[in-house]
Amino acid sequence: MEFFKKTLDPVIALAAIAILDIFMFLIVGAWTVGGGETMMTGLMAQAVLGDDLERIPFWNIVFKPDAGYWKIYISLGMLFGAFVGAVASKEFYLRVPRRLSEWVLITIGGLLMGVGIRLAFVCNVSTFFGLTPEMNLGGYLAISGILAGAWVGSLIYKKILES
Amino acid sequence: MSILGECLVAFVFGSVVGLLVQRSRFCNTAALRDAMLFKSYRNTKALLVAMMILTIGFTGFISIGEGNPMHFDVGLNQMVGLFLFGIGMVLAGACTVSTWVKSGEGNVGAMWALLFTFVGMFLFSLFWSVNYWPPAPASMTGEPNLEALQLGFANAETLQEKFGIPAVVFGIIQASVLFAIYRAIVRRERATQAPQKSAVQPAAGKPATMTGDEVPAE
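The model shown is predicted, which means the values in this text are computed figures rather than measured ones. (Residues numbered from 1 in each chain as written. Chains lettered and ligands numbered in written order. Predicted model: local features only at pLDDT ≥ 70, side-chain atom pairs only at ≥ 80, totals over all residues. Heavy atoms only, no water.)

**Remarks on the domain arrangement of chain B**
All names here are of chain B. By the assigned domains, chain B splits into domain 1 (27-69 + 155-191) and domain 2 (71-152). Using C-alpha coordinates to define each centre, domain 1 is positioned 22 Å away from domain 2. Residue-level contacts link 6 residues of domain 1 with 7 residues of domain 2. By the criterion of area lost to domain 2, the three top residues of domain 1 are Cys27, Thr29 and Arg33, representing 66% of everything that side buries. Where domain 1 meets domain 2, there are 0 salt bridges. For the pair domain 1 and domain 2, the interface holds 1 residue pair in polar contact (both at pLDDT 80 or more). Considering only residue class, the side of domain 1 that touches domain 2 consists of 3 nonpolar, 2 polar and 1 charged. (Domains from an automatic or database assignment. Contact = heavy atoms within 4.5 Å. Buried area = accessible area lost by both parts, 1.4 Å probe. Salt bridge = Lys/Arg side-chain N within 4 Å of Asp/Glu carboxyl O. Polar contact = N/O pair within 3.5 Å; in protein donor to acceptor, adjacent residues only side chain to side chain. Nonpolar A, V, L, I, M, F, W, Y, C, P; charged D, E, K, R; others polar.)

Put into structure tokens, the structure is as follows:
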């Protein structure tokens, strides 16, 4: 199938995603990833810590672990869809970062993303595909933050590329 | 809708999104990073087009009282949180979407980024449990609370109520601004590509600027 041979124009892909996202907005709510990831964190922490998790108020007051939270399944769907796409187009293979510096950057980057999402109550997806199109004030605050952050991140990245 | 139905709809939506993002190599991180670092706008343009469609769609349905907009107070924490996120996504070379999509393609680095996103979230839950900031959704009032650096709640719906003008009017204004940015990017691309193209044409016939397919390896 042609679809699995050529790279799809991202403008077409994103226009299709936008239309689907409008349906999601009407049915349950706009596309988001951070909330589902937080719930997964809670569920994993519960699996490890058991009842001890209740001693951390965040998991009682803000996010009570609940496997029936729809946002979790968006993320699992993305993992599944990407896997199917990669296998069908013969692009699935294990890629392992080679240098230690890459592992360090990814670790720091991952931690900053996790802390950032929770501090903001939103992730980049709800910023660009939820809050801002709803003209929520939080979307504008988040966009100014992410632009400044991406700029600082790019400066660091450039320094590392040059060194 | 039942819980099972919601989860099923979310899974189907996610699967299609994952497939489309995998096939198009769209990346939100690249949309910002490449524009800033390499003056390459392949992903930026796609992001802007999606935002234009969504703005008209969301505000259009909000005008007639349909849809499920996100509802929580916002404040300085959105700005600071996404600032940290912005640094993190460039360093990790992936955002929330691409960590999932690249994990699905077998990228171990993306799985590692995802794992540490979870760790970061758990660490934050420990900080939060000490100082209880930003305020929990349950204690939000919708009004500004300057002590907690919260500005309350405002979106296209509140604008519609306040000014008596349909939300979609504000949406059209926002979409026009996004379109103006999109047009400026296209013009800029043409201006930079034209001289380069004529210079390299005999050799390869391919524009010298980097396309998204050649996004630097993370």
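**Some thoughts on the confidence of the model for chain B**
All names here are of chain B. Averaged over all residues, the pLDDT of chain B is 90; the fraction at 70 or higher stands at 89%. Here residues 202-218 is a poorly scored stretch, pLDDT under 50, and it has 27 contacts once near neighbours within four places are set aside; other chains count. Across the interface, the model reports ipTM at 0.97; the global pTM reads 0.92. (pLDDT = per-residue confidence, 0-100.)

**Some thoughts on the domain arrangement of chain A**
All names here are of chain A. Per the domain assignment, the segments making up chain A are domain 1 (1-94) and domain 2 (96-163). For domain 1 and domain 2, the distance between their C-alpha centroids amounts to 18 Å. At the junction of the two partners, domain 1 supplies 14 residues and domain 2 supplies 10 residues. Linking domain 1 to domain 2 there are 0 salt bridges. Between domain 1 and domain 2 we count 1 residue pair in polar contact (both at pLDDT 80 or more) in total. Where the side of domain 1 that touches domain 2 is concerned, the elements lending two or more residues are helix H1 (10-27) and helix H2 (34-49). Its residues assigned to classes, the side of domain 1 that touches domain 2 shows 9 nonpolar, 3 polar and 2 charged. (Helix = DSSP H or I, 4+ residues; strand = E, 2+ residues; numbered from the N terminus.)

**Considerations on helix H7 (residues 137-162) of chain A**
Taking 1.5 Å per residue, 26 residues should reach 38 Å; H7(A) reaches 38 Å between its end C-alpha atoms and fits that length. Of the residues that open H7(A), the one with a side-chain oxygen 2.7 Å from the backbone nitrogen of Gly138(A) is Asn136(A). (Expected span 1.5 Å × (residues − 1).)

**Here's the deal with the interface of chain A and chain B**
Every contact between the two is made by 121 residues of chain A and, on the other side, 114 residues of chain B. Across the interface of chain A and chain B, roughly 10,700 Å² is buried in total on both sides, 79% from carbon and sulfur atoms. It is Met113(A), Leu119(A) and Tyr157(A) that lose the most area in chain A upon contact with chain B, and together they represent 7% of the buried surface on that side. Where chain A meets chain B, there are 2 salt bridges.

**Observations concerning the packing of aromatic side chains**
Tallied over the full model, the rule gives 19 aromatic pairs over all chains. Where Trp103(A) meets Trp112(B), the ring centres are 5.3 Å apart and the plane angle is 90 degrees; that geometry is what we call edge-to-face. Of this pair, Trp103(A) sits in helix H5 (residues 100-120) while Trp112(B) sits in helix H6 (residues 108-131), placing the two residues on different chains. Ring geometry for Phe179(B) and Tyr182(B): centres 6.3 Å apart, planes at 20 degrees, overall stacked. Residue Phe179(B) and its partner Tyr182(B) are both found in helix H8 (residues 167-200); the two are separated by 3 residues, about one turn of the helix. Among the aromatic side chains, those forming a connected cluster through ring pairs are Phe58(A), Trp59(A), Phe63(A), Tyr69(A), Phe122(B), Phe124(B), Trp128(B) and Tyr132(B). (Phe/Tyr/Trp six-rings, centres within 6.5 Å; stacked < 30°, edge-to-face > 60°.)

**Examining the layout of surface pockets**
Considering only enclosed or pocket space, the second largest pocket measures out at about 420 Å³ in volume. What lines the second largest pocket is a set of 23 residues, and nearest its centre among them are Tyr69(A), Lys71(A), Phe121(A), Met70(B) and Phe72(B). Those elements that provide at least two residues to the lining of the second largest pocket are H2, helix H4 (70-88) and H5 of chain A. Tallied by class, residues from the lining of the second largest pocket come to 14 nonpolar, 7 polar and 2 charged. (1 Å grid on protein atoms, 1.4 Å probe; cavity = no way out; pocket = protein on both sides within 12 Å on 5 of 7 lines; lining within 4 Å. Points joined across faces, edges and corners; volume = space filled by probe spheres on them.)

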